[in-house]
Amino acid sequence: MANIKSAKKRILVNQTKAARNKAIRSKVKTACKKVEAAVTAGDKAAAQACLVAATAEIEKATSKGVYHKNTASRKVSRLAKAVNGIA
């Protein structure tokens, strides 16, 4: 454990930010899993609805700096491709 006051504060701040980022990543993963489940079930309407929600979560995470814009774009693209692939 750090002895300097500023170092102690940095540790606390980093823990807070890490917890926030983890919660945001978790929301994104959950939204993506819902899309993938709908795609697996073959339910196009549900998959499209979940895709809109997942895209919104990914964009929020990107705006908060949790994901890089290219990573977010790749995730959205892969989900959209999966949804569009439903016959």
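Now for a look at the structure at hand. What you are looking at is a predicted structure, and each value in this text was computed from that prediction instead of being measured.

1. Quick word on the overall build of the protein
Alright, step 1. Counting its secondary structure elements, the protein contains 3 helices and 0 strands.
Alright, step 2. When the helices and strands of the protein are read in sequence order from the N terminus, they spell out α-α-α.
Alright, step 3. In terms of C-alpha radius of gyration, the protein reaches 17 Å, well past the compact-globule figure of 12 Å for 87 residues.
Alright, step 4. Across its three principal axes, the protein shows a C-alpha extent of roughly 60 × 20 × 15 Å.
Alright, step 5. The buried share of the protein, taken over its 87 residues, is 22%.
Alright, step 6. Residue pairs in contact within the protein that sit at least 24 positions apart in sequence constitute 57% of those at least 6 positions apart.
Alright, step 7. Only carbon and sulfur atoms are counted for the fraction: they give 56% of the accessible area of the protein, which is about 6200 Å².

2. A few points about the nonpolar core
The tendency in soluble globular proteins is for nonpolar side chains to be buried side by side.
Alright, step 1. Grouped together as the largest cluster of nonpolar side chains are 18 residues, with contacts concentrated most on Val28, Ile58, Ala61 and Leu79.
Alright, step 2. Going through the elements one at a time, helix H1 (5-41), helix H2 (44-63) and helix H3 (69-84) are the ones with two or more residues in this core.
Alright, step 3. For this core, the element with the most residues is H1, which contributes 6 residues.
Alright, step 4. Not counting the four nearest positions on each side in its chain, Val28 is found in contact with Glu57, Ile58, Ala61 and Tyr67.

3. Here we look at the packing of H2 against H3
Alright, step 1. Packing of H2 against H3 leaves a shortest axis separation of 10 Å and a crossing angle of 180 degrees. By the angle between their axes, H2 is roughly antiparallel relative to H3. Contacts between H2 and H3 involve Lys44, Ala47, Gln48, Leu51, Ala54, Thr55, Ile58, Glu59 and Thr62 on the former and, on the latter, Lys69, Ala72, Lys75, Val76, Leu79, Ala80, Val83 and Asn84.
Alright, step 2. Across the contact of H2 with H3, the residue classes break down as 9 nonpolar, 4 polar and 4 charged.

4. Looking at the environment of Lys81
Alright, step 1. In this structure, Lys81 sits in helix H3.
Alright, step 2. Between the C-alpha atoms of Lys81 and Ala61, which are 20 residues apart in sequence, the distance is 21 Å.

5. Observations concerning H1
Alright, step 1. Here H1 is 37 residues long and its end C-alpha atoms lie 54 Å apart, about the 54 Å a rise of 1.5 Å per residue gives.
Alright, step 2. The secondary structure elements touched by the buried residues of H1 are H2 and H3.

6. Looking at a positive patch on the surface
Alright, step 1. Judged by side-chain charge, Lys5, Lys9, Arg10, Lys17, Arg20, Lys27, Lys60 and Lys64 come together as a positively charged surface patch.
Alright, step 2. When residues in the positive patch are grouped by element, the largest group, 6 residues, is from H1.

7. Examining H3
Alright, step 1. The terminal C-alpha atoms of H3, which comprises 16 residues, lie 22 Å apart, in line with the 22 Å expected from a rise of 1.5 Å per residue.
Alright, step 2. Looking at the buried side of H3, the elements it contacts are H1 and H2.

The rules behind the values
Residues numbered from 1 in each chain as written. Predicted model: local features only at pLDDT ≥ 70, side-chain atom pairs only at ≥ 80, totals over all residues. Heavy atoms only, no water. Helix = DSSP H or I, 4+ residues; strand = E, 2+ residues; numbered from the N terminus. Rg over C-alpha atoms; globule rule 2.2 N^0.38 Å. Buried < 20%, exposed > 50% of the residue type's maximum accessible area, 1.4 Å probe, protein only. Contact = heavy atoms within 4.5 Å. Areas by Shrake-Rupley, 256 points an atom, 1.4 Å probe, with all protein chains shown as cover. Core = buried A, V, L, I, M, F, W, Y, C linked by side-chain atoms within 4.5 Å. Axes fitted to C-alpha atoms, helices over the stretch in contact; angles between N-to-C directions. Parallel < 35°, antiparallel > 145°, perpendicular 65-115°, else oblique. Nonpolar A, V, L, I, M, F, W, Y, C, P; charged D, E, K, R; others polar. Expected span 1.5 Å × (residues − 1). Patch = residues over 30% accessible without salt bridge, like charges linked within 9 Å, V, L, I, M, F, W, Y side chains within 5 Å. Salt bridge = Lys/Arg side-chain N within 4 Å of Asp/Glu carboxyl O. Lys, Arg positive; Asp, Glu negative; His and termini not counted. Charge placed at Lys NZ, Arg CZ, Asp CG, Glu CD.

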